[in-house]
Amino acid sequence: MIAYVQESSKLFDHNKLDSYFNGDNLPKNNTKAEISRHTKIIRLGKLLLPSIAALLIGLLILFPSLKTTNDEFSIDITLPKKGELEKLHIENTSFYITDRNNNVNNFTARNIDETSPGSKLIKLNQPDGVLPMSNGAWNNIKSPIGYYNQNTNVLTLQENVDMFYSDGMTAKTEELTYDFNAQKGWGTKEITSEGIFGSLRSQGFEFYAAKNLLIFTGKTYITIEEESLKDNNHE
């Protein structure tokens, strides 16, 4: 946009305006102080008027583009659904679950959400935690989705559950349930495992934290590495 300034002889006379700024119309009997004050006002006016004019023209040029930008800018706000404000929701948090022997199980989650207002069933997004076993051993368990029932003190992990034991053994399955009161975990879906002994595939499993005991249930297939059968004293 270009701003035009149109001159009109009817509105003002340039000669009179210049004469005023030059001080030609000052009365001859003015004192030196009045003349000096008038001169300062004139100088200030000469400095400010061009700046004000340039600012106004600039605003006229920029205003259409500013208006266009404001029209194109929008904020997409999703209003909370009815009942969502009543649910528990926490992001990037750590939480602790205590078993019957006062062992503290430390977990983290990307976020936790109450499945329904007032319920004690908590949905966990990306839960990751450590279960202390006996004799200082531990089992790290994690999955994309999990649920923790505060009434029964039972944790269920689902979808690509990973387990890592402190002795170096790893295991994968689709579902794991752990009862903190009984200090017992189990799963009824296929589990695969790898360790220093070799690899294993089984139909299910059970493990007991207080005994540091892992049991594979159902049909179990074990592949033992040849190196693990050798006696180091006879190599």
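Everything quoted here is computed from the prediction, not taken from an experiment. Every chain is numbered on its own, with residues counted from 1 as its sequence reads. Totals for whole chains, interfaces and linings use all residues, but because this is a predicted model, local features are given only for residues with pLDDT of at least 70 and pairs of side-chain atoms are given and counted only at 80 or more. Water and hydrogen atoms play no part in the side-chain values, which are based on all heavy atoms of the structure.

For the rest of this paragraph, the subject is unusual backbone geometry. Phi at Asn 135 is positive, roughly 60°, even though this residue is not glycine. Partly exposed describes any residue whose relative accessible area lies between the buried limit of under 20% and the exposed limit of over 50%, with all areas from a 1.4 Å probe on protein chains only and scaled to the type maximum. On the accessibility criterion, Asn 135 (80% relative accessible area) is exposed. Positive phi, normally seen in glycine, also occurs at Asn 153, with a value near 60°.

Phe 107, Ile 141, Leu 155, Leu 176, Phe 180 and Phe 207 are the most contacted members of the largest nonpolar core, which has 26 residues in total. Only runs of H or I of at least four residues qualify as helices and only runs of E of at least two qualify as strands under DSSP, and these elements are numbered from the N terminus. Breaking this core down by element, the ones donating at least two residues are strand 1 (89–98), strand 2 (104–114), strand 3 (121–125), strand 7 (154–165), strand 8 (170–179) and strand 11 (198–208). What Leu 155 contacts, discounting residues up to four positions off in sequence, is Phe 107, Leu 124, Ile 141, Tyr 147, Tyr 148, Leu 176, Thr 177, Tyr 178 and Phe 180. In these notes, a set of buried Ala, Val, Leu, Ile, Met, Phe, Trp, Tyr and Cys residues joined through side-chain atoms within 4.5 Å is what counts as a nonpolar core. It only takes one pair of heavy atoms within 4.5 Å for two residues to be counted as in contact.

Mapping Ser 202 onto the fold places it in strand 11. Only 2.8 Å separates the side chain of Ser 202 from the backbone oxygen of Thr 217, close enough to count as a polar contact. With sequence-adjacent residues up to four places away left out, Ser 202 is seen in contact with Lys 189, Glu 190, Ile 191, Phe 216, Thr 217, Lys 219 and Thr 220. Counting of polar contacts relies on pairs of N or O atoms within 3.5 Å, with two restrictions inside protein: one atom must be capable of donating a hydrogen and the other of accepting it, and residues adjacent in sequence are counted only when both atoms are side-chain atoms.

Before going further, it helps to examine the layout of surface pockets. In this analysis the probe radius is 1.4 Å and the grid spacing 1 Å, with only protein atoms considered; a cavity is a set of points the probe fits into but cannot get out of, a pocket is an open set with protein on both sides within 12 Å along at least five of seven lines, and lining residues have an atom within 4 Å of a point. Grid points are joined across faces, edges and corners, and a volume is the space filled by probe spheres set on the points. Of the voids in this model, the largest pocket is the one considered here, and its volume is about 260 Å³. As for the largest pocket, its lining consists of 15 residues, of which Tyr 165, Asp 167, Met 169, Asn 212 and Leu 214 are closest to the centre. With 3 residues, strand 12 (residues 213–224) is the single largest residue contributor to the lining of the largest pocket. Charged residues are taken to be Asp, Glu, Lys and Arg, nonpolar residues to be Ala, Val, Leu, Ile, Met, Phe, Trp, Tyr, Cys and Pro, and polar residues to be all remaining types, Gly included. Class assignment for the residues of the lining of the largest pocket results in 11 nonpolar, 3 polar and 1 charged. Thr 170, Ala 171, Lys 172, Thr 192 and Glu 194 are the residues nearest the centre of the second largest pocket, which is lined by 16 residues in total. Elements supplying a minimum of two residues to the lining of the second largest pocket: strand 5 (138–142), strand 7, strand 8, strand 10 (191–195), strand 11 and strand 12.

Right, let's talk about the pattern of salt bridges for a bit. One speaks of a salt bridge when a side-chain nitrogen belonging to Lys or Arg is within 4 Å of a carboxyl oxygen belonging to Asp or Glu. Within this structure, the stated rule accounts for 2 salt bridges. Taking the shortest distance from any N to any O, the salt bridge between Asp 162 and Lys 172 comes out at 2.6 Å. Residue Asp 162 is found in strand 7, and its partner Lys 172 is found in strand 8; the two are separated by 10 residues along the sequence. Among the salt bridges present, the one from Glu 190 reaches Arg 201, with a minimum N-O distance of 3.6 Å. With Glu 190 in the loop between strand 9 (184–187) and strand 10 and Arg 201 in strand 11, this pair connects stretches of sequence that are 11 residues apart. Exposure remark for Glu 190: the relative accessible area of 47% places this residue in the partly exposed category. Of the residues examined, Arg 201 reaches a relative accessible area of 37% and is grouped as partly exposed.

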